[in-house]
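# Chains, contacts and geometry: an overview
The chain contents come next:
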Amino acid sequence: MTDDVRMLQSNLYRAATTSLDFDSPGEALDELIQLANELTGSDRAALYEFDQASASFTPRFSEGVSISDLGRLSSTADHPVLREVISNHRAVATDGSAGSMGLPLAPGSVACAPCFTGDKTYGLMFIANDQGKAYSDEDLSTLDVLAARAAELLAFARQTASQNYLFHKLSLLYQASHSITGSHERDEAIRQMAAHLLKASSANICEVQILEDGTEQIRRFQQPLGQSVPHTVVTDGPIQVPNYPIHDQVLSELMPATINLQPPVGSGEDLALLQSEGYTAAAVFPLAVGNDPLGLVRILYEQPGRQIDEQEMELAQAIVNIGAIGLQDAIHLETAESRASQLQALSEIGREMTSTLDLEAALENSMRYAQEMLQAEACVLFLLDEGGEELVLKASGGRVMRVKDVAIRLEEGIAGWVARNKSPLIVNDVRTNPLYHSAIDAQTGMLTSSVLCVPLETRGEVLGVIEAINNPRGSFTKTDQQMLSSVASWAAIALDNANLFQRVAEERSRLEATLVETADAVVLTTPAGYIVLVNKAAAQAFRINAEKAVGRPADDIFFDHPLGESLMSQTLELPTTLEVTTPTDRTLYATISEVPDVGRVAVMQDITALKQIDNMRAQLLGTAAHDLKNPLNAIRLGADLLADAPFSEQQRKALDMMHRATDSMTSLITGLLETIRVESTANILFEPTNINDLIRRAIEDLRPLADAKKHTIQYVPPQESLLIMGDPNRLNSVMSNLISNAIKFTNEGGKIHVVVMWNDEEVTVSVKDNGPGIPEEELPRVFEHLFRGRAAVSDPNNPIEGTGLGLALAKTVIEQHGGRLWVESEEGKGSTFLFALPREATPKTGSLKPDVDR
Ligand code: ADP
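All values reported here derive from a predicted model rather than from experimental measurement.

## Remarks on the overall build of the chain
- Looking only at helices and strands, the chain has 21 helices and 30 strands in total.
- Compactness check: the chain gives a C-alpha radius of gyration of 64 Å against a globular reference of 29 Å for 854 residues, more than 25% above the reference.
- Over its C-alpha atoms, taken along the principal directions, the chain stretches across nearly 215 × 70 × 50 Å.
- Among the 854 residues that make up the chain, the fraction classed as buried is 44%.
- Each charge class in the chain was averaged separately, 69 positive and 116 negative side chains, and the resulting centres sit 12 Å apart.

Next comes the structure, spelled out in C-alpha cells:
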C-alpha cells in the first residue's frame, strides 16, 4: 500500500467516521469545515445553506475567511462548476487557479461539493487553496463525504426546527384559546386576542375593528415598551384608520392578506397608505365565525425589510379565529344577560303597577323601568282624554320632556295611528315615514330618530299608547316591541284598578253624603259599638258634635240613654226596635240592625207628630165613649122599663132589637175604654204570677158558657210552679179573651185544649179549638183594632157577638209584658192562639214539655 493510498484511506476514514454531536448541529458543522480544510490541505473552507424562501444559498460557516466577506449565491448562478455539482450531485473542482472566478472563496483553486441527502440539496461545501494546485480525486472524494455528512446535519437541524415551531405554535394556540374563551366579556375577549396575536407574531401593533350596528370603532393594542409581562397590552381606544382597499376585500372574501414594502406585496394604493402610516409590513385578517363577519384584525410591523411568511399568517389567523369565537360567546352571553335583566325589569314594573294605588307614581316609575330596559332615550305614556280626541302625555322616563302636558290629536303622528289602529308600530327612520310629525318634537324638545309605539288597551278599548323614543343601537326590534307591549298590559291593569278604586271611592262618598243629609237620624258604630258616623239629623236631635263623637263608645255619647246601651250591648238580639226620646223632647222610633262588615246602624224616625195625633185620638175616643155611656144607659133603662108593657108581636121584636143594640153598643164602648186605658198607661203592675192560677181562673169563669154549648175544656196543670212577672188582671183578660173566642166561634160540642209549655227562659200557653179556623187572608188582620172576621158573621141572621177589640187588646198586654202573641190556624181545621212570656227565674230547670192532650 503506497503512502498516498494509505493517506487517502486514512483521510476518507476520518471524514466518514469523525463523530459529530447532533445535539449541537452548529458546532458539528463548524467542525466539518475545519476538517475539510485540514484533510484537503486547503486554506479556506465554507458551508452555504439553501434557503427556500429566497431560493439562494446563504453562507453559514467559514474557515480561513470571514463570513461577512462571503455573499449569497443564487441557486440559478451560471457557473459550470456549480451547474455540475447541482446536477450530478458530486464534488467538482476548478482546474487549478483558473476558472475559480464567480465562485465563493476565489481566487485560487476552488472545489465544491453538494450537501446532498435523501434526494435533496441542503447546501454547498467549498474549499480553496492559494498554491494553485488542482484538487485530486481523493480530495474531492473526501469533500463529498464531508458534504454528505453536513447534509445530514442540516436536514436534521431543519426537521428539529420545524418540530420545535409546531410545538411552539400549538402551545400558543392552546394558551390563546384558553384565555380568550374564558373571558366571557366582549372587551376582555378582544384584549386577550390582541395580546396573544402580538406575542405570536411579534408585531408592533395590533388593531381590532368590530362591525357593530354601523359604528366602526377601531381599537389599537401594543405591547408596552420595556415590559415582558405576558398578555399585557395597552390600548389607544377608538382611532381612525385610512381606507385601505385590501380591507374591503378581506371582509368580503373572508381571506387574510398581507402588505409588504420590501419586497413590495399589495396594491399601489395599499402600499402608499402603509408607508404613510409609517409601517413596513401589515397582515389583515377577517374576524369571522363561519360566514358571519364580526370585524377585521390588522397586525403591523415597523422593522425595515420585515416580511410575513405563510406560517406566521397561519398562526395569526388561527388566533384570530379563536378570538372570533370568544367574541361571539361574549355577545351571546351579554344578550342572555340583558334578556334576564329585561325580564327582571318587567317583573319590577308588574309589582309597581299592582302594588300601589298612587297611579301617577306607578306610571312614572314604570316608564323609567321601561326606558332602562329598552335603553331608549325616553319612554312616554299618553292617555286618551275624556272626549277621546287627544292623547295627553301622562308619564315619562329617561330624557325629561320639556313640556309636561304635551297633547297629540288622535289624527296625528305615529302615536295617533297606533291608538286608532290598536296595533303596535316600529319606525326606525322617522324622516322617511309619512306618519312622523315633527311638530310633536317641537313640543317635546326631542329630536326623534326612531320610535317604537304600542297601544294601551283594556277589554278591547284603547286607553292610550306607550312610546319608546330613539334606540341608541339604531333600531327597535320585535323583541323590544314584545317587551313594551308587556309594559302596556301592566299599565292597563294599573289604570283599570285606579278607575275601579275611584268609582268605589265616589260611590262611598255619595253614600256617605246621602247618609249625612237624610232626614232620618242615623248613627253608625263598629261591631263593638264605637261611633263611626253620626249624621246631621242625629247630631241635631241629640245635640251632639258629630265630628268629635267619631271613635268614641256609643254609651259615652248617648250617656245613660237606651240608644247608647242598645248600640253597645253585646247580648241584644238584632235587629230590634225601640222608642227613644231626645233632649229636645222628640220621640224617635229607632231600628237598630247589624250591617255586615261595618257594625251596627241605628236609623231613627221622628214620630213625635204621630205620637201627638195618637194621643189626641185616644183622648177624643175616651171623651166620646165616656159621653156616650150615660145616654146609652138611659136608653137601656128605658127599654127595660118597657119590658112589661102590653105590646104587639111586632112591637116586642123592636123592643128586643133595642135591647141587643144597646147591649152591643155598651160592650163596644166598654171595650174601647178598656183599650184606651190599657194602651195609654205604661205603668203596669209587675208581680210574680203563677201561670197555672191564671189559666184555672179563666176556665172557671167561662165554664158556664162552655157548658151551654156542650164544649169540653181540657187542661193539665204543670207539675211545677211556673212564675211570670206581670199584672194578673190584665193577663187574666188575655186568657179569658182567648178561651171565650174559642167557645164563641166553635160549634156546639167542640173540644178546647189549654196547654202550658216551658223552658228556662219562657212559658208558652196555647189555646186550641176545633172550630171553623181562620182564612189565610184574615190571619194578618185578626190582631187589628175593630177587626171582625168571617167566622163572626157566618150566620148573617145570628151574628156572633163581639167588638173586634179583644185580640188587639190581648196583643198589647202581652207585648207590654215583653212577650209575643200569635196564631196558627187553617180554615176548617180549628185555631190555636199562643202567647209566650219571659219566665221569672226559678232555681229549678225544666225542659220543653211536649204538647200532649190528656
Ligand atoms: P171579637 O171576638 O170580638 O170578634 P176578637 O178581636 O177577639 O174580636 O177577634 C177578632 C176576629 O178573629 C174574630 O172576629 C174572628 O173572626 C177571629 N177569631 C178570633 N178567635 C177565633 C177562633 N178561636 N176561631 C175562629 N176565629 C177567631
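## Some remarks on the packing of aromatic side chains
- If you walk through the whole model with that rule in mind, you get 5 aromatic pairs.
- Centre to centre, the rings of Tyr48 and Phe126 are 5.5 Å apart; their planes meet at 75 degrees, and the pair counts as edge-to-face. A residue pair is termed long-range when its members are at least 10 positions apart, and Tyr48 in strand β1 (residues 44-51) and Phe126 in strand β6 (residues 120-129) qualify at 78 residues.
- For Tyr48, a relative accessible area of 1% corresponds to the buried category.
- Ring centres of Phe542 and Phe558 lie 5.0 Å apart, and the angle between their planes is 85 degrees; this geometry places the pair in the edge-to-face category. With Phe542 in helix α13 (residues 536-542) and Phe558 in the loop between α15 (554-557) and α16 (562-568), this pair connects stretches of sequence that are 16 residues apart.
- Using a relative accessible area of 3% as the deciding quantity, one classes Phe558 as buried.
- For Arg368, the ring lying beneath its charged end belongs to Tyr369, and the centroid distance is 5.6 Å.
- Directly above the ring of Phe783 sits Lys811, whose terminal nitrogen or CZ lies 5.5 Å from the centroid.

## Some details on the nonpolar core
- By size, the foremost hydrophobic cluster in this structure holds 40 residues, and its most contacted members are Ile691, Ile695, Met735, Ile739, Val754, Val756 and Phe835.
- Secondary structure elements with two or more residues in this core: α19 (691-708), β25 (712-715), α20 (728-745), β27 (751-758), β28 (762-769), α21 (806-816), β29 (820-825) and β30 (831-838).
- In contact with Ile691, not counting residues within four places along its chain, are Leu722, Ile724, Val756, Val763, Val765 and Phe835.

## Section: the sheet that holds β25
- Spatial ordering of the open sheet is given by β25-β27-β28-β30-β29, a layout of 5 strands whose pairing is mixed. Two strands close off the open sheet at either side, each with one partner strand: β25 and β29. Going from strand to strand, the sheet's axes swing by 15 degrees on average, the running direction of each strand aside.
- For β29 and β30, the ladder comprises 6 bridges, and the chain directions are antiparallel.

## Describing the pairing of strand β5 (residues 109-117)
- Within β5, 7 of the 9 residues are buried, which leaves it mostly tucked inside the rest of the structure.
- Here 2 bridges tie strand β4 (residues 92-93) to β5, and the two strands are oriented antiparallel to one another. Among the inter-strand pairings, Val92 is bridged to a residue of β5, identified as Cys112.
- Inspection of the sheet shows β5 paired to β6 by 9 bridges, in the antiparallel sense. Residue pairing for β6: Ser109 is matched across the bridge by Asn129.

## Side note on the environment of Arg730
- Position of Arg730 among the secondary structure elements: in helix α20.
- A C-alpha to C-alpha distance of 89 Å links Arg730 and Glu412, two positions 318 residues apart in sequence.

## With respect to the environment of Leu359
- Within the secondary structure layout, Leu359 lies in helix α9 (residues 359-374).
- For the pair Leu359 and Leu495, spaced 136 residues apart in sequence, the C-alpha to C-alpha distance is 7.1 Å.

## A few points about the sheet that holds β5
- One open sheet holds the 6 strands; their spatial order is β3-β2-β1-β6-β5-β4, and the pairing between them is antiparallel. In the strand order of this sheet, the two ends are held by β3 (73-74) and β4, each with one partner.
- Of the strand pairs in this sheet, β1 and strand β2 (residues 56-63) are connected by 7 bridges, and their pairing is antiparallel. Considered in β2, the bridge of Phe50 is made with Phe57.
- Along the sheet, helix α2 (residues 25-40) makes contact with β1, β2 and β6, crossing β2 at roughly 70 degrees.
- The strands touched by helix α3 (residues 80-88) are β2, β3, β4, β5 and β6; relative to β5, the strand with the most contacts, the crossing angle is about 25 degrees.

## Re the site of the ligand
- Contacts to the ligand come from 22 residues, most closely from Asn741, Lys744, Asp769, Arg788 and Thr803.
- In this structure, Asn741 approaches the ligand through a side-chain N or O atom, which is 2.8 Å from an oxygen atom.
- At a separation of 3.0 Å, an oxygen atom of the ligand approaches a polar backbone atom of Gly804.
- Burial of the ligand by the protein chains amounts to 98% of its free accessible area of 530 Å².
- In a pocket analysis with a 2 Å cut-off to the grid points, the ligand is assigned to the largest pocket.
- Breaking the shell around the ligand down by element, the ones donating at least two residues are α20, α21 and β30.
- Classifying every residue of the shell around the ligand gives 10 nonpolar, 9 polar and 3 charged.

## Thoughts on the pairing of strand β11 (residues 281-289)
- Judged by how many residues are buried, β11 sits mostly within the fold: 8 of 9 residues are covered.
- Pairing analysis gives 4 bridges linking strand β10 (residues 257-260) to β11, with the strands arranged antiparallel. Opposite Ile259, over in β11, you have Ala282 as the bridge partner.
- Note that β11 and strand β12 (residues 292-301) share 9 bridges and pair antiparallel. Across the sheet, Pro286 pairs through a bridge with Leu296, a residue of β12.

## Details of empty space enclosed by the protein
- A complete count under the given rule lists 2 cavities of 30 Å³ or more for this structure.
- The space that makes up the largest cavity amounts to roughly 170 Å³.
- Ile440, Asp441, Thr448, Val451 and Glu467 are, among the 18 residues lining the largest cavity, the residues nearest its centre.
- For the lining of the largest cavity, the secondary-structure elements that each account for two or more residues are β13 (378-384), α10 (413-421), α11 (438-444) and β18 (461-469).
- Classifying every residue of the lining of the largest cavity by side-chain character gives 12 nonpolar, 4 polar and 2 charged.

Scoring rules and cut-offs
Residues numbered from 1 in each chain as written. Predicted model: local features only at pLDDT ≥ 70, side-chain atom pairs only at ≥ 80, totals over all residues. Heavy atoms only, no water. Helix = DSSP H or I, 4+ residues; strand = E, 2+ residues; numbered from the N terminus. Rg over C-alpha atoms; globule rule 2.2 N^0.38 Å. Buried < 20%, exposed > 50% of the residue type's maximum accessible area, 1.4 Å probe, protein only. Lys, Arg positive; Asp, Glu negative; His and termini not counted. Charge placed at Lys NZ, Arg CZ, Asp CG, Glu CD. Phe/Tyr/Trp six-rings, centres within 6.5 Å; stacked < 30°, edge-to-face > 60°. Lys NZ or Arg CZ within 6 Å of the ring centre and 35° of its normal. Core = buried A, V, L, I, M, F, W, Y, C linked by side-chain atoms within 4.5 Å. Contact = heavy atoms within 4.5 Å. Pairing = 2+ DSSP bridges. Axes fitted to C-alpha atoms, helices over the stretch in contact; angles between N-to-C directions. Near = heavy atom within 4 Å. Polar contact = N/O pair within 3.5 Å; in protein donor to acceptor, adjacent residues only side chain to side chain. Areas by Shrake-Rupley, 256 points an atom, 1.4 Å probe, with all protein chains shown as cover. 1 Å grid on protein atoms, 1.4 Å probe; cavity = no way out; pocket = protein on both sides within 12 Å on 5 of 7 lines; lining within 4 Å. Sits in = over half its atoms within 2 Å of the grid points. Nonpolar A, V, L, I, M, F, W, Y, C, P; charged D, E, K, R; others polar. Points joined across faces, edges and corners; volume = space filled by probe spheres on them.

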